[in-house]
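Fold and geometry: a report
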Amino acid sequence: MNIRRIKKAIQRIRKLPGGRYFFMYLANKVLHYYLKFTGSTRVAYPSTVMLELTNHCNLHCTTCPREYDYGKEMNKGFMDIEKARKIIDELWPYLDSIGLTGMGETFMYKEIEEIVDYIKSKNKGIIISVSTNAVLPGFMDAVRPLVNKIDTIQVSIDGLDDVYESIRLHASFDFLDNNLRELSDMCNESKTDLMLNMVVTRENYHLMPAMVDYASQRAINYLDFSTFNLASVTNIDISYYSFYQSEEFLNAVSRLDEISKKHPEVYICKHNFNPGKGFRSCPFPWSHFYISWDTYVPPCCAKPFPKELNFGNVSQAKLTDILNSKSFRDFRRLWYNNETPAFCEKCNFIGMSDKASGQI
């Protein structure tokens, strides 16, 4: 049971939209469950979206899709603030949450505070989250005004000390650590949750137990672990996933289990080591819809490259029309048949076998 999500759900319920917007919100929920129950390929207005404010970044991380062929070919830029407002105007009565992060470093977007304030002006109950590397020069000055406004700040860490620096290229662990000390103090005196996220690889898996110790020492209450998704990683073979079945990896998961029992103050929100069972394991045709900085709608956040595949552009059509377009509905028909689209090959939902699971 995800304690953080329950906490946010309660927060959301307490601040649902009022007046006629409440009935619009409620009707949309009913439509969502009706479409799901009837097995339709249509969807209601989304309750959660990911808005990529920018895909520029100050780092070059070995775990990031930006650093491989698809990412190198993508156009880079910043979302026009008026277009961001237009998207929010369309969706806000139905939203429970919104993520303001994509392929880039969120705090490179200079108008982020304006966007956060605009969302909250529509409905204070919409849960806002961002992901950041927290080592952008001037990061603390940029994030300080947003603590108590943003509901969750997730910091990508992917290791400690030298291992961190070998994966998150051009970053200093000491600089990150200093920022996390200060950010943790700020968040613990506010309504903002601070969470660490570690993409687990061959290079850093042995540090999973140490990451729990580190989070405890820095008074960071939430911690995520996720699999290295190869969907966009063009120079690593799918056989890499067999590592998550190996004895040394499963032993590290067992050690993680033991250390987590000693630190109940650190809640492990998820560990995405469970294998997929084909395309039908993937939630993204139905939720967490992604809008790129140039307002295209690609299939998901694991491979958010519109040049490879997109279903339309929200500058030219409503998002709901795009989500229910023939091309997107055909994509969902593949999901019902558990047929993997070529676009999704090598994704961990597809490429990991049942033996890859490690339960905490």
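Throughout what follows, the structure given in this document is the object of discussion. Counting of residues starts from 1 at the beginning of each chain's written sequence and follows it residue by residue. With the structure being a predicted model, the display of local features is reserved for residues of pLDDT at least 70 and the display and counting of side-chain atom pairs for 80 or more, all residues being used for whole-chain, interface and lining totals. Side-chain numbers come from the whole structure's heavy atoms, not from hydrogens or water.

The definitions used throughout rest on a 1 Å grid laid over the protein atoms alone, on which a cavity is an enclosed set of points accommodating a 1.4 Å probe that cannot get out and a pocket is an open set flanked by protein within 12 Å on both sides along at least five of seven lines; lining residues are those having an atom within 4 Å of a point. Grid points are joined across faces, edges and corners, and a volume is the space filled by probe spheres set on the points. Evaluated as defined, the whole model comprises 2 cavities of 30 Å³ or more. Within this model, the largest cavity holds a volume of roughly 110 Å³. Together, 15 residues line the largest cavity, and Phe279, Cys282, Cys300, Cys344 and Cys347 are the ones closest to its centre. Put simply, Ala, Val, Leu, Ile, Met, Phe, Trp, Tyr, Cys and Pro go in the nonpolar bin, Asp, Glu, Lys and Arg in the charged bin, and everything else, Gly too, in the polar bin. A class-by-class count of the residues in the lining of the largest cavity yields 14 nonpolar, no polar and 1 charged.

What follows covers the packing of helix α4 (residues 81-91) against helix α5 (residues 112-122). Axes here refer to lines fitted to C-alpha atoms; in helices the fit is confined to the stretch in contact. Angles between the N-to-C directions go from 0 to 180 degrees. Helix and strand assignments come from DSSP, with helices taken as H or I runs of at least 4 residues and strands as E runs of at least 2, each series counted from the N terminus. Running from N to C, α4 and α5 point in directions that differ by 20°, and their axes come no closer than 11 Å. Accordingly, the angle class assigned to the pair α4 and α5 is roughly parallel. Classified by chirality, the crossing of α5 by α4 is right-handed. Here α4 contributes Ile81, Ala84, Arg85, Ile88 and Asp89 to the contact with α5, which in turn contributes Glu114, Ile115, Tyr118, Ile119 and Lys122. Grouping the amino acids of the contact of α4 with α5 by side-chain chemistry returns 6 nonpolar, no polar and 4 charged. These descriptions rest on fixed angle ranges, namely under 35 degrees for roughly parallel, over 145 for roughly antiparallel, 65 to 115 for roughly perpendicular, and the rest for oblique. Note on convention: the crossing is left-handed when the near helix lies turned anticlockwise from the far helix by less than a right angle, right-handed when the turn is clockwise. Contacts were defined at the residue level, with two residues in contact if any of their heavy atoms lie within 4.5 Å.

Residues of helix α12 (residues 326-336) that are buried: Phe328, Phe331, Arg332 and Trp335. Taken down its axis, α12 places every buried residue within 95° of arc, on the same side. Structurally, α12 contributes buried residues whose contacts are with β10 (289-291) and α11 (319-323). Once α12 ends, the next one or two residues include asparagine 338, with phi positive near 55°. Whether a residue is buried, partly exposed or exposed follows from its accessible area with a 1.4 Å probe, protein chains only, as a fraction of its type maximum: under 20%, in between, or over 50%, in that order. Note that the arc is defined by the directions from the helix axis to the C-beta atoms.

The next point concerns the layout of surface pockets. In this structure, the second largest pocket occupies an estimated 260 Å³ of space. Of the residues forming the lining of the second largest pocket, the biggest block, 4 residues, is contributed by helix α1 (residues 3-14). Across the lining of the second largest pocket, the residue classes tally to 2 nonpolar, 2 polar and 8 charged.

Interpretation in functional terms is not warranted from these geometric data alone.
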